[in-house]
Amino acid sequence: MFAYPSGSLHMGHLRVYTISDVIARYRRMRGDRVLHPTGWDAFGLPAENAAIERGIDPAVWTEDNIAKMKQQLKGMNTSFDWDAEISTCSPSFYKHTQSIFLKLFNRGLAYQAEALVNYDPVDKTVLANEQVDSNGRSWRSGALVQQINLRQWFFRITHYKEALLRDLDYLSEGGKWPERVLSQQRNWIGRSIGARIQFTIEDEHDNSRPIHVFTTRPDTLFGVKYLALSMSHPLVLQLAANSPELRRFIDRRASFTPDTKEGFELPLRAINPLSQLLDIEPEPLPVYTAPYVLEDYGEGAVMGVPGHDTRDLGFWKLHRPADPIELVVSPQESQTGNTRTLSKDLQEAYTSHGILTSVCGPYAGLKSTEAGLKIVEDLNKKSLAEPFETWRLRDWLVSRQRYWGTPIPIIHCSSCGTVPVPQEDLPVVLPRLDSSYKGQSGNPLDKIDDWVNCNCPKCGGAARRETDTMDTFVDSSWYFARFPDSQNEIELFSRDSAAKMLPVDTYVGGVEHAILHLLYARFVYKFLCSEGLVSGDEGNREPFQRLVAQGMVHGKTHSDPDTGRFLLPSELDINDDTVVVKATGKTPNVTFEKMSKSKHNGVDPSVAIEKFGADALRAHILFAAPVSEVLQWDEEKIVGIQRWLGRVSRLVSNLVVQRSVYGGIESTMPSYNLDKLTDHDAHVLLLTQATRKNISHTFENDVYSLNTAISDLIKLTNGLHDIGVESLTAAVAQQSISALLKMMAPITPAFAEECWEDLTKYGSVGSIFETSWTAHIITSEQETALQRRQKSITCAVQINGKLRFTAQIPSSQSGNATASDKAAREAEVLQAVLATEDGRVWLTERNDWDKRKRVVVVGNGKVLNIVF
Ligand code: ANZ
Ligand code: ZN
């Protein structure tokens, strides 16, 4: 995902681009043709605010920021294809954003309608949501923001709702996208299958009329206790005309929270359609208007079933505390024989499916789903219900009454109406915003007369340009499709380049974009497919074939143990292993939280790069947490990575020294004479081979586990270190170390390249990135042969008489016939045990190896006894 050019990278960028860079570099080494592009999501409010506050041209502000951030990205050792770079605010890009708008318009998928916007009555301007503070006031004038209706542009994303939902199944196959993102998409699209049921409403004068509700649980129809209508239901508005009390209730709407249980009883009665169906005496039900009923969902009306719906239960208990609650569905079959289950003090609604109870007449004993279908079917015969589907997805409001966005290519003519700008007149270029805009309010475009006034493309008469610009989500809904052909002036991209490169193979980005950005991109891609611009099989018209969604980076946060106040770094006394609050001398509370200015826990990636080097940071960021999880940024832990890199670099220099002995490099599979290899050689070759297999798998299929790739590489390094280059056959040392460097190269590119250069000074084989990546460093026959001779045994290690751990060590090769054989075996056992992680911890950390008193090897290495 490309970045917003705020002016400086944040830790999230460091994380996301490290991941994508590792994948890109690995794929290139594997021989794939890789396009690893990036660009800038360059429109949006902050640039415009800079113009208002400081009189800076948004274009200049943005370009400056891009230049800075590009330097920072390069400082991260990323391998982006800068040739393909795009910026959404450049006319050469937004020309095509405008042409997508026109294509949508021509298909009736871009349209105008009235919608509520935030309006500042003092500045007389429309505000973005970000410009309204938490008290509902304008960020600039401080006025209470009003909601007014305004004609705005929409994209008809709902036209694609079925495909948007269905194709999530395709993305779910084989784990192409993470399930949590898929379920967020599913919920947002929100298809509900249920029924539309007709009740009869009677007023005080016994006039009756039908009203419809949408329900997903027609099986609970026997348990309906009331109806609730939204506050803008036509019936409610009609009644409000003659009821000041109701009017006052409706006027309080802005103060209701979404989970309020408030309601207002209307002078109406409702009749359950079941009474008509089953010919039973109708029991009139109360009717309310309630804020919890959404006006633009379903029918804007619900049937209240307190026994089986949590919100309905809360509502009922508040308004009718003395009335019974009916349970019409029960979990078990055995209870179907129960008579009416009545209760006033039901604590929890029974919201699961089950079996209909005996109150349900002819439906008693049926399972919920079956009963629901049957009830609707029966009601349907009398036109009292029909199966019905409701979607949560709404059309996409793309109008912004702002300057710094893609101009909507529409001209308003008093005789011809809404006229699209002809394709050949694109781009409609934004006029420059000079310093005179400082301190002004409203949409600057409205005031730039020589831009707004134009001629109608149809009749040639005087006309006005549309001054709304597009939501920046429109820019980012298609930018990725531009990369394969980013210089194309005529089309979005050529069919040829699209056919070669689209869809995107791997898309990496923050999980915070799980809903809107991805949904919009999926929509636009499907549209481009329907237009024939991209080919894609039905069912698989998806822009991102694999999505890697990384978790957030949280910062180390210090707060005062007494007051809970967040502390500035300057308020802390930080020593090597202690941190105290300067003022009180107490130890601060340490937590990890989302980085923010108010918590003083932000980390500037550039400063960290200066301090630790980009490669150490890249490795650390991957190592510190699995890709999908929150990463707790703790710089104290980078030393571990630095130590590792130091160790690798020493291995390389040791090998370079040894090199006078051995000549060439890059003999990937030397024809080893296995018989001549030592046990150490065998061990190292097998370890390198295993590591290579793991790493290839991780880079290719399991990017989410990149953290384990680092630990595998550290293990291999330690294995090589413990044995020592000098104890290995030169060719083996050479091969393993160059394999290690290659595996590190995608992660720590500069470091690996530098080591590689040292190693190949005499061989001169070019960049490490030009070498090939093979999944095996020895043939599988060699591997089996080595494994056979490398049989290991389990060694029980006792320290001061206590069994502490067991270790896998090589079995004895010689027969231990002589005393010197025996001594050699003892040395071998000790070395093998020390080379294990447990061995290191128990013998060198928890105990001081140099202070050992007695070491006894029993049974050829089955037991090792050490006394300290
Ligand atoms: C009766 C009922 C009984 C319901 C029960 C649920 C459980 P989803 O799944 O999200 O689509 N509903 C319908 N229209 C509504 C509106 N405009 N505002 C608020 N709520 C509305 O939810 C569908 C359910 O949400 C519907 O099924 C309805 O409550 C409620 F045991 O009908 B149900
Ligand atoms: Zn005209």
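Residues numbered from 1 in each chain as written. Chains lettered and ligands numbered in written order. Predicted model: local features only at pLDDT ≥ 70, side-chain atom pairs only at ≥ 80, totals over all residues. Heavy atoms only, no water.

Participant: How would you explain the UniProt feature "domain: Aminoacyl-tRNA synthetase class Ia" (unreviewed entry) in the protein if you had to name every residue and give the values?
Facilitator: This chain's UniProt record puts "domain: Aminoacyl-tRNA synthetase class Ia" (unreviewed entry) on residues 393-539. A helix fraction of 26% and a strand fraction of 19% characterise residues 393-539, whose end C-alpha atoms lie 20 Å from each other. (UniProt positions renumbered as here; feature names shortened; annotations may be inferred. Helix = DSSP H or I, 4+ residues; strand = E, 2+ residues; numbered from the N terminus.)

Participant: Give me the coordination of the zinc ion (ligand 2): which residues, what numbers.
Facilitator: Protein coordination of the zinc ion (ligand 2) is provided by Cys413 (SG), Cys416 (SG), Cys456 (SG) and Cys459 (SG), with donor distances spanning 2.2 to 2.3 Å. Considering all 4 donor atoms around the zinc ion (ligand 2), angles at the metal cover 107 to 112 degrees and the coordination shape is tetrahedral. Each donor residue of the zinc ion (ligand 2) lies on one chain, and together they are spaced C-x2-C-x39-C-x2-C. (Donors = N, O, S within 2.8 Å, 3.2 Å for Na, K, Ca; no water. Tetrahedral: all angles 85-135°; square planar, octahedral: opposite > 155°, others 65-115°.)

Participant: Tell me what's going on with the site of ligand 1, and back it up with residues and numbers.
Facilitator: Around ligand 1, the surrounding shell holds 18 residues, and the nearest of these are Ser192, Thr215, Leu294, Tyr297 and Arg392. Side-chain polar atom of Thr215 to an oxygen atom of ligand 1: 2.7 Å apart, as the coordinates give it. Here an oxygen atom of ligand 1 and a backbone polar atom of Thr216 are 3.0 Å apart. Within the complex, 86% of the 640 Å² of free accessible area of ligand 1 lies under protein. Sorting the residues of the shell around ligand 1 by element identifies β7 (208-215) and β11 (301-304) as the ones contributing at least two each. Looking at the shell around ligand 1 residue by residue, the classes come out as 8 nonpolar, 6 polar and 4 charged. (Near = heavy atom within 4 Å. Polar contact = N/O pair within 3.5 Å; in protein donor to acceptor, adjacent residues only side chain to side chain. Areas by Shrake-Rupley, 256 points an atom, 1.4 Å probe, with all protein chains shown as cover. Nonpolar A, V, L, I, M, F, W, Y, C, P; charged D, E, K, R; others polar.)

Participant: A description of the pattern of salt bridges should follow, citing residues and the corresponding values.
Facilitator: Overall, the coordinates contain 45 salt bridges when judged by the stated rule. Taking the shortest distance from any N to any O, the salt bridge between Arg30 and Glu700 comes out at 2.5 Å. Of this pair, Arg30 sits in the loop between α1 (11-29) and β1 (39-40) while Glu700 sits in helix α21 (residues 679-701), placing them 670 residues apart in sequence. Residue Arg253 pairs with Glu295 through a salt bridge whose shortest N-O separation is 3.9 Å. Taken together, the residues span a long stretch of sequence, with Arg253 in the loop between α8 (244-251) and β9 (264-271) and Glu295 in the loop between β10 (285-289) and β11 at a distance of 42 residues. You can call Glu295 exposed: its relative accessible area is 52%. (Salt bridge = Lys/Arg side-chain N within 4 Å of Asp/Glu carboxyl O. Buried < 20%, exposed > 50% of the residue type's maximum accessible area, 1.4 Å probe, protein only.)

Participant: How would you sum up unusual backbone geometry? Please name residues and give values.
Facilitator: Omega for the peptide link from Leu426 to Pro427 comes to -5 degrees, which places this bond in the cis form. Following the sequence through the fold, Pro427 ends up in the loop between β20 (417-420) and α12 (444-447). Following Leu502, the chain continues to Pro503 via a peptide bond in cis, the omega torsion being -5 degrees. By secondary structure assignment, the location of Pro503 is in the loop between α16 (495-501) and β24 (504-510). One non-glycine residue, His600, adopts positive backbone phi at about 50 degrees. According to the relative accessible area criterion, His600 is partly exposed, its value standing at 30%.

Participant: Can you break down the sheet that holds strand β19 (residues 410-413) residue by residue, with the values?
Facilitator: Two orientations exist for strands paired in a sheet by backbone hydrogen bonds: parallel and antiparallel. Pairing in this open sheet of 4 strands is antiparallel, and the strands run β20-β19-β22-β21 from one edge to the other. Two strands bound the open sheet, and with one partner strand each, they are β20 and β21 (453-455). Taken pair by pair, the neighbouring strands of this sheet meet at an average axis angle of 40 degrees, ignoring direction. (Pairing = 2+ DSSP bridges. Axes fitted to C-alpha atoms, helices over the stretch in contact; angles between N-to-C directions.)

Participant: A description of the side chain of Thr88 should follow, citing residues and the corresponding values.
Facilitator: By the secondary structure assignment, Thr88 is in the loop between β2 (86-87) and α4 (91-106). Only 2.8 Å separates the side chain of Thr88 from the backbone nitrogen of Ala42, close enough to count as a polar contact.

Participant: Break down the domain arrangement of the protein for me, citing the residues and quoting the values.
Facilitator: One can read the domain layout of the protein as domain 1 (1-156 + 395-502), domain 2 (191-391), domain 3 (555-627), domain 4 (635-789) and domain 5 (792-867). Using C-alpha coordinates to define each centre, domain 3 is positioned 35 Å away from domain 4. Summed over both sides, the interface between domain 3 and domain 4 buries roughly 1600 Å², with carbon and sulfur atoms accounting for 68% of that surface. Three residues stand out in domain 3 for area buried against domain 4, namely Asp615, Leu622 and Phe623, and they jointly supply 34% of the buried area on that side. For the pair domain 3 and domain 4, the number of links is 2 salt bridges. Ionic pairing is found between Lys611 and Glu635, a salt bridge with its closest N-O pair at 3.1 Å. Of all the elements in the fold, those that place two or more residues in the side of domain 3 that touches domain 4 are α18 (605-612) and α19 (614-623). (Domains from an automatic or database assignment. Buried area = accessible area lost by both parts, 1.4 Å probe.)

Participant: Kindly report on the environment of Thr260, identifying the contributing residues and their values.
Facilitator: With respect to the helices, strands and loops of the structure, Thr260 is situated in the loop between α8 and β9. Remark: the alpha-carbon pair of Thr260 and Ala290, spanning 30 residues in sequence, is separated by 8.7 Å. Residue contacts for Thr260: discarding those within four places in its chain leaves Pro291 and Tyr292. A polar atom in the side chain of Thr260 sits 3.2 Å from the backbone nitrogen of Glu262. (Contact = heavy atoms within 4.5 Å.)

Participant: Just give me the short version of empty space enclosed by the protein, but keep the residues and values in it.
Facilitator: What the rule picks out here adds up to 2 cavities of 30 Å³ or more. When its volume is computed, the second largest cavity comes out at roughly 50 Å³. Lining the second largest cavity are Ile52, Asp123, Thr125, Leu127, Gln131, Trp139, Arg140, Arg402, Ser441 and Gly442. (1 Å grid on protein atoms, 1.4 Å probe; cavity = no way out; pocket = protein on both sides within 12 Å on 5 of 7 lines; lining within 4 Å. Points joined across faces, edges and corners; volume = space filled by probe spheres on them.)

Participant: Go over the sheet that holds strand β3 (residues 110-120), please, and point to the residues and values.
Facilitator: What the 4 strands build is an open sheet, ordered β4-β3-β5-β17; its pairing is antiparallel. Two strands in the sheet have a free side with no partner beyond their single neighbour: β4 (125-127) and β17 (396-397). Of the pairings in the sheet, the one linking β3 to β4 comprises 3 bridges and is antiparallel in character. Within β4, the residue paired with Asp120 across the bridge is Thr125. α4 contacts β3 and β5 (146-155) of the sheet and is inclined by roughly 85 degrees relative to β5.

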